[in-house]
Amino acid sequence: MIPCSKMLNCKQHRCEELCHKGYCMPCLQSEFYEVFCTCGKTKLDPPVSCGTPPPNCNEPCSREHACTHQVLHNCHYQEQCPPCPQLVNKMCMGGHTVRFGIPCHIQDVSCGNSCGKPLKCGMHVCESWCHKGDCQAEDKPCEQQCLYPRNSCNHSCNAKCHSGKACPPSVLLRKSEGNL
């Protein structure tokens, strides 16, 4: 018979038993060195079973964090730290108001008000909800209606924004007597 040779749960050794059905036995090999947590303050003494993860550590996480307050989670061996649950005050994306009690890990906070920043046309303000980034794309013209009065009749222009150009001539539509 030939050996099984499937990778064992430790992901380092292969099954040395003869070919068999079902699952392989767990890896029984041991390693003879200390296994440390990420911060190095907690260790497991040898012998350590093959594939043993680093020990749990009750020390505060020592990695660099974007938070400016005290770190609230312990040392860990996962690649990324868990999201920070600390409640903090954050300025909304549009710079309108400070929002209170926002979880620290949330980056983009909206106040729910309209943006109100001036658009490139110089005649209108952004009507979108509070947001980050530019209000309109570089290559996209303002789509809001012109509110300047027409020279010919003093009614609002209502054409798409034409930023500083004269309002286009109005087209008056009359209802014919047969369509009343």
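Keep in mind it's a predicted model, so treat the numbers as computed, not measured.

### With respect to the overall build of the protein
On a plain count of helices and strands, the protein comes out with zero helices and six strands. Each helix and strand of the protein, placed in order from N terminus to C terminus, yields the pattern β-β-β-β-β-β. Its C-alpha atoms give the protein a radius of gyration of 34 Å, clearly above 16 Å, the size a compact globule of 180 residues would have. Out of the 180 residues belonging to the protein, those deemed buried represent 23%. Distance from the positive charge centre (18 side chains) to the negative charge centre (15 side chains) of the protein: 11 Å.

### Regarding the pairing of strand E6 (residues 98-103)
Consecutive side chains of a regular strand alternate in pointing toward one face of the sheet and then the other. The pairing of strand E5 (residues 87-91) with E6 spans four bridges and is antiparallel. Residue pairing in the sheet places Leu87 in a bridge with Pro103 of E6. What sits between the antiparallel neighbours E5 and E6 is a turn of six residues, in which Gly95 has the positive phi angle 75 degrees.

### Re the environment of Gly94
Checked against the element boundaries, Gly94 lands in the loop between E5 and E6. It is 54 Å that separates the C-alpha atoms of Gly94 and Tyr33, two residues lying 61 residues apart in sequence.

### A few points about the pattern of salt bridges
For the structure shown, the criterion picks out five salt bridges. Here Asp108 makes a salt bridge to Lys132, at a shortest N to O gap of 3.1 Å. Highlighted residues: Asp108 in the segment after E6 and Lys132 in the segment after E6, separated in sequence by 24 residues. Taking the relative accessible area as the measure of exposure, Asp108 reaches 41% and is therefore partly exposed. Here Glu143 ties to Lys160 by a salt bridge, and the two come within 3.2 Å at their closest N and O atoms. In this pair, Glu143 sits in the segment after E6 while Lys160 sits in the segment after E6, placing the two residues 17 residues apart along the sequence. For Glu143, a relative accessible area of 41% corresponds to the partly exposed category. Owing to a relative accessible area of 54%, Lys160 belongs among the exposed residues under this scheme. One continuous salt-bridge network, built from bridges that share partners, spans Glu34, Lys43 and Asp45.

### Details of the side chain of Lys90
Mapping Lys90 onto the fold places it in strand E5. Here Cys104 takes part through its backbone oxygen, which lies 2.8 Å from a polar atom of the side chain of Lys90. Reaching out from Lys90, the side chain makes a polar contact with the backbone oxygen of Ile106 at a distance of 2.6 Å. Sequence-distant contacts of Lys90, that is, excluding residues within four places in its chain, are made with Thr97, Val98, Arg99, Ile102, Pro103, Cys104, Ile106, Gln107 and Val109.

### Considerations on a nonpolar patch on the surface
Taken together, the side chains of Met91, Val98 and Phe100 present a nonpolar region at the surface, about 320 Å² in accessible area. As for its placement among the helices and strands, Val98 is situated in strand E6. On the accessibility criterion, Val98 (34% relative accessible area) is partly exposed.

About the criteria used
Residues numbered from 1 in each chain as written. Predicted model: local features only at pLDDT ≥ 70, side-chain atom pairs only at ≥ 80, totals over all residues. Heavy atoms only, no water. Helix = DSSP H or I, 4+ residues; strand = E, 2+ residues; numbered from the N terminus. Rg over C-alpha atoms; globule rule 2.2 N^0.38 Å. Buried < 20%, exposed > 50% of the residue type's maximum accessible area, 1.4 Å probe, protein only. Lys, Arg positive; Asp, Glu negative; His and termini not counted. Charge placed at Lys NZ, Arg CZ, Asp CG, Glu CD. Pairing = 2+ DSSP bridges. Salt bridge = Lys/Arg side-chain N within 4 Å of Asp/Glu carboxyl O. Polar contact = N/O pair within 3.5 Å; in protein donor to acceptor, adjacent residues only side chain to side chain. Contact = heavy atoms within 4.5 Å. Patch = residues over 30% accessible without salt bridge, like charges linked within 9 Å, V, L, I, M, F, W, Y side chains within 5 Å. Areas by Shrake-Rupley, 256 points an atom, 1.4 Å probe, with all protein chains shown as cover.

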